[in-house]
There are 2 protein chains.
Amino acid sequence: MALHFTSEQRLDDVLEREFTLGEIPGILWTPASAPAPLVLLGHPPLGLHKMYPRLVARARHAAADGFAAATIELPGSGDRPRWAAADQARADLRRAMEAGEPVSEEIIDALILPLVDKAVPEWQAALDALLSLPEIGGPVGYSGGVISIGVRLAVVEPRIVAAGLFAGSFVPRAMFEEARQVTIPLHVLLQWDDEGNDRQAALDLFDAFGSKEKTLNANMGGHTGVPQYAGDAAAQFFTRHLK
Amino acid sequence: MALHFTSEQRLDDVLEREFTLGEIPGILWTPASAPAPLVLLGHPPLGLHKMYPRLVARARHAAADGFAAATIELPGSGDRPRWAAADQARADLRRAMEAGEPVSEEIIDALILPLVDKAVPEWQAALDALLSLPEIGGPVGYSGGVISIGVRLAVVEPRIVAAGLFAGSFVPRAMFEEARQVTIPLHVLLQWDDEGNDRQAALDLFDAFGSKEKTLNANMGGHTGVPQYAGDAAAQFFTRHLK
């Protein structure tokens, strides 16, 4: 798939360019220094527009460390075509949570597995296109977002050499088996009091990862309350592995 | 108790002085810049002489960050008078571990609680003496060693404003109640595969701490395998809180 830039603006020293990759919208941020290693910025399926403030903050932090950063819209989110099964899974999730019921494995599987299956090849296609740009040199890291997408990418995509994961979304049982196949260095953030997250499942997933180098960085607070020093620690992880 | 210096040597920019505090031996390391904040270096009850290589490495790291560092011998360790009950508790522990038996709460209590009761007032006396030196300015942090000593100090000693704890020693049940009373910022290191440590107990203790700011930094490897980047993260924690 070809990458076409559709807009550009300067944010101080950072060049921000929106692009399309086939039908998929995305954003690339590049620092003044080139060629730069690349960090793929994962995000929850809430739409790039809604996530933009947090994404641009992470991209500027990455650029200050000398990294390019890029992200693409997830399937079924933002301006991309809706997807009936995903909408149904989200409605089932909402209903279970509002009723105070435990979220069943069936709901988690329906919510996450098709998203992983669709999204991962798209991120790989984005990587093909981004790595052909002269301002992107590699190596590549993956950061944040839906943790199951990060796990699958870490298993299937050899160009990703390090991953900073956020243990903040539901994890299908099947992903624990994939986690054992991960061997790249990992830095896993866990918000200890994350309302929508199963802490024990997050600890079990961390235990399952096959990587020899893995760090769990757990901090107080809810899903969106990651303290700045935890973000700094994740940035240092990428500096250790992408430079 | 009066502090008397008994020897001194220069290690590059760091001044290392041995001292006695009453009958208790100790070591103080001070950086070129004064007055400096102070980090108390905890250690396991194996004797200062045996622990010296790791202690001096930690002290030099602290001095490079602008901190003084100090430590004292634990009761019953090194050249200090033996202590029959502690020797008995260690023999019971060794016997249980060699037999592959679970270590009982009675053994853990006998091993740790008297040590905490004796050691904590000594560290507080050391603090009185060290803070009266012109080259020590405060604030004070406590780092590593027997985690129950760190917990008790964090509860009873208001001059300690931040603690970096190492979840690597047995924890009596009674300490979980004390942990709830801790309110200072904490940075807790956990070696995920620590042979002699109960991982679930370490996670439960982390959960119990009353502090609003607490970070769990878990890494792969055994008791003595703390990776350098985890040491760096602990150092950054003290820089955030003691500067």
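Here, every reference points to the structure presented above.
In short, a report on the structure. Note that the coordinates shown come from a computational prediction; the quantities given were computed from them, not determined experimentally. (Residues numbered from 1 in each chain as written. Chains lettered and ligands numbered in written order. Predicted model: local features only at pLDDT ≥ 70, side-chain atom pairs only at ≥ 80, totals over all residues. Heavy atoms only, no water.)

Let's shift gears to the side chain of Asn217(A). One can find Asn217(A) in strand 9 (residues 214-219). Those residues in contact with Asn217(A) that sit more than four places away from it in its chain are His187(A), Val188(A), Leu189(A), Leu190(A), Ala230(A), Ala233(A), Thr215(B), Leu216(B) and Asn217(B). (Helix = DSSP H or I, 4+ residues; strand = E, 2+ residues; numbered from the N terminus. Contact = heavy atoms within 4.5 Å.)

Attention shifts here to the pairing of strand 9 of chain A. Here strand 9 of chain A lies mainly inside the structure; six of its six residues are buried. Neither face of strand 9 of chain A is open: one carries Lys214(A), Leu216(A) and Ala218(A), the other Thr215(A), Asn217(A) and Asn219(A), and all of them are buried. In terms of strand pairing, strand 8 (residues 186-191) of chain A meets strand 9 of chain A through six bridges, oriented parallel. Looking across to strand 9 of chain A, one finds that Val188(A) is bridged to Leu216(A). Taking the sense of rotation as the criterion, the β-α-β connection linking strand 8 of chain A, helix 6 (residues 199-208) of chain A and strand 9 of chain A turns out right-handed. With five bridges joining them, strand 9 of chain A and strand 9 (residues 214-219) of chain B adopt antiparallel strand pairing. For Leu216(A), the partnering residue across the bridge sits in strand 9 of chain B and is Ala218(B). (Buried < 20%, exposed > 50% of the residue type's maximum accessible area, 1.4 Å probe, protein only. Pairing = 2+ DSSP bridges. Right-handed = clockwise from strand over helix to strand, strands pointing away.)

Taken as a whole and judged by the stated rule, the model has eight aromatic pairs over all chains. Aromatic pair Phe206(A) and Trp192(B): ring centres 4.8 Å apart, planes at 90°, arrangement edge-to-face. Taken together, the residues span two chains, with Phe206(A) in helix 6 and Trp192(B) in the loop between strand 8 (186-191) and helix 6 (199-208). Each member of the pair, Phe206(A) as well as Trp192(B), is classed as buried. An angle of 80° between the planes, with centres 5.9 Å apart, marks the rings of Trp123(B) and Tyr142(B) as edge-to-face. Taken together, the positions of Trp123(B) in helix 3 (residues 105-131) and Tyr142(B) in strand 6 (residues 136-144) put the pair 19 residues apart, joining distant regions of the chain. We note Lys214(A) situated over the ring of Phe206(A); from NZ or CZ to the ring centre the distance is 5.1 Å. Against the face of Tyr229(A) rests Arg240(B), its NZ or CZ located 3.7 Å from the ring centre. (Phe/Tyr/Trp six-rings, centres within 6.5 Å; stacked < 30°, edge-to-face > 60°. Lys NZ or Arg CZ within 6 Å of the ring centre and 35° of its normal.)

A few words on the interface of chain A and chain B. At the interface, 18 residues of chain A touch 18 residues of chain B. Roughly 1,600 Å² of surface becomes buried between chain A and chain B when both sides are summed, with 53% attributable to carbon and sulfur atoms. When the buried area of chain A at its contact with chain B is split by residue, Trp192(A), Met220(A) and Tyr229(A) rank highest and sum to 32% of it. A salt bridge links Asp207(A) to Arg199(B); its shortest N-O distance comes to 3.2 Å. Scanning the region where chain A abuts chain B turns up eleven residue pairs in polar contact (both at pLDDT 80 or more). Mapped by element, the contributors of at least two residues to the side of chain A that touches chain B are helix 6, strand 9 and helix 7 (228-242) of chain A. Top element by residues in the side of chain A that touches chain B is strand 9 of chain A. It accounts for six residues. Residue composition of the side of chain A that touches chain B, grouped by class: seven nonpolar, five polar and six charged. (Buried area = accessible area lost by both parts, 1.4 Å probe. Salt bridge = Lys/Arg side-chain N within 4 Å of Asp/Glu carboxyl O. Polar contact = N/O pair within 3.5 Å; in protein donor to acceptor, adjacent residues only side chain to side chain. Nonpolar A, V, L, I, M, F, W, Y, C, P; charged D, E, K, R; others polar.)

Glancing now at the relation of the copies chain A and chain B. Between the two copies, chain A and chain B, the superposition gives an RMSD of 0.0 Å; the rotation angle is 180° and the shift along the axis is 0.0 Å. Expressed as a symmetry operation, the mapping of one chain copy onto the other fits a two-fold axis. In terms of C-alpha distance to the rotation axis, chain A has Asn217(A) as its closest residue, with the C-alpha 2.4 Å off the axis. With an isologous cut-off of 70% or more, the 100% of interface residues of chain A that recur at the interface of chain B puts this contact in the isologous class. (Least-squares fit on C-alpha atoms with pLDDT ≥ 70 in both.)

On to the packing of helix 3 (residues 105-131) of chain A against helix 4 (residues 147-156) of chain A. Two numbers describe a pair of packed helices, the interaxial angle and the distance between the axes. Residue and element names in this part refer to chain A. As a packed pair, helix 3 and helix 4 sit with axes 9 Å apart at the nearest point and diverge in direction by 50°. Considering their axes alone, helix 3 and helix 4 lie oblique with respect to each other. Seen from above, helix 3 lies across helix 4 with right-handed handedness. Of the residues in helix 4, those in contact with Ile112, Leu115, Val116, Asp117, Ala119, Val120, Trp123 and Gln124 of helix 3 are Ser148, Ile149, Arg152, Leu153 and Val156. When grouped by side-chain class, the residues that make up the contact of helix 3 with helix 4 number nine nonpolar, two polar and two charged. (Axes fitted to C-alpha atoms, helices over the stretch in contact; angles between N-to-C directions. Parallel < 35°, antiparallel > 145°, perpendicular 65-115°, else oblique. Left-handed = near helix turned anticlockwise from the far one by under 90°.)

We now examine the nonpolar core. Counting residues in hydrophobic clusters, the biggest one holds 130 residues, and the most contacted among them are Leu130(A), Ile149(A), Leu40(B), Leu130(B) and Ile149(B). Those residues in contact with Leu130(B) that lie beyond four places of it in its chain are Leu3(B), Phe19(B), Leu28(B), Leu38(B), Leu40(B), Ala70(B) and Ile136(B). (Core = buried A, V, L, I, M, F, W, Y, C linked by side-chain atoms within 4.5 Å.)

Moving on to the environment of Leu111(A). Residue and element names in this part refer to chain A. Tracing the backbone through its elements, the reader meets leucine 111 in helix 3. Along the backbone, leucine 111 and aspartate 204 are 93 residues apart, and their C-alpha atoms lie at a distance of 20 Å. Residues contacting leucine 111, with those up to four places away along its chain left out, are Ala89, Arg90, Leu93 and Phe170.

Let us look at helix 7 (residues 228-242) of chain B. With 15 residues, helix 7 of chain B should reach 21 Å at 1.5 Å per residue; the first-to-last C-alpha distance of 21 Å fits that figure. Of all the residues in helix 7 of chain B, the buried ones are Ala230(B), Ala233(B), Ala234(B), Ala235(B), Phe237(B), Phe238(B) and Leu242(B). (Expected span 1.5 Å × (residues − 1).)

The linkage connecting Ala34(A) with the following residue, Pro35(A), adopts the cis geometry, with an omega of -5°. Locating Pro35(A) in the fold gives a position in the loop between strand 3 (24-30) and strand 4 (36-42). Of note, the amide linkage connecting Gly138(B) to Pro139(B) takes the cis form, showing an omega dihedral of -5°. As for its position among the elements, Pro139(B) is in strand 6. The phi dihedral of Asp12(A) is positive, around 55°, even though this residue is not glycine.

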